[in-house]
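# Residue-level structural notes
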Amino acid sequence: MGTIIWLIGTVLAIMAVMDVFKKNISTGWKIIWSVLLLVTEMEKVFLHPGGTLFL
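Attention in this report is confined to the structure presented alongside it. The model shown is predicted, which means the values in this text are computed figures rather than measured ones. (Residues numbered from 1 in each chain as written. Predicted model: local features only at pLDDT ≥ 70, side-chain atom pairs only at ≥ 80, totals over all residues. Heavy atoms only, no water.)

## Section: the pattern of salt bridges
Inspection of the entire model under this criterion finds 1 salt bridge. For K23, the salt bridge identified is with D19, shortest N-O distance 3.8 Å. Here K23 falls in the partly exposed class, since its relative accessible area comes to 45%. D19 gets classed as partly exposed once you look at its relative accessible area, which sits at 37%. (Salt bridge = Lys/Arg side-chain N within 4 Å of Asp/Glu carboxyl O. Buried < 20%, exposed > 50% of the residue type's maximum accessible area, 1.4 Å probe, protein only.)

## Let's talk about the environment of M42
Within the secondary structure, M42 sits in helix 2 (residues 27-45). For M42, a relative accessible area of 36% gives the class partly exposed. M42 sits 32 residues away from T10 along the chain, and the two C-alpha atoms are 9.0 Å apart. (Helix = DSSP H or I, 4+ residues; strand = E, 2+ residues; numbered from the N terminus.)

Given below as structure tokens:
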């Protein structure tokens, strides 16, 4: 069950980044928001749903 939630979170983060690029804001802000979204997502990507490091 934890893996399914983890995968859903990853997909939603990718969709959020794509949504940022659809907004009518400057390119600099798009890059900043995308980096922030991806950095917070990478924290989950490198941790296995069980809490152990997943490399």
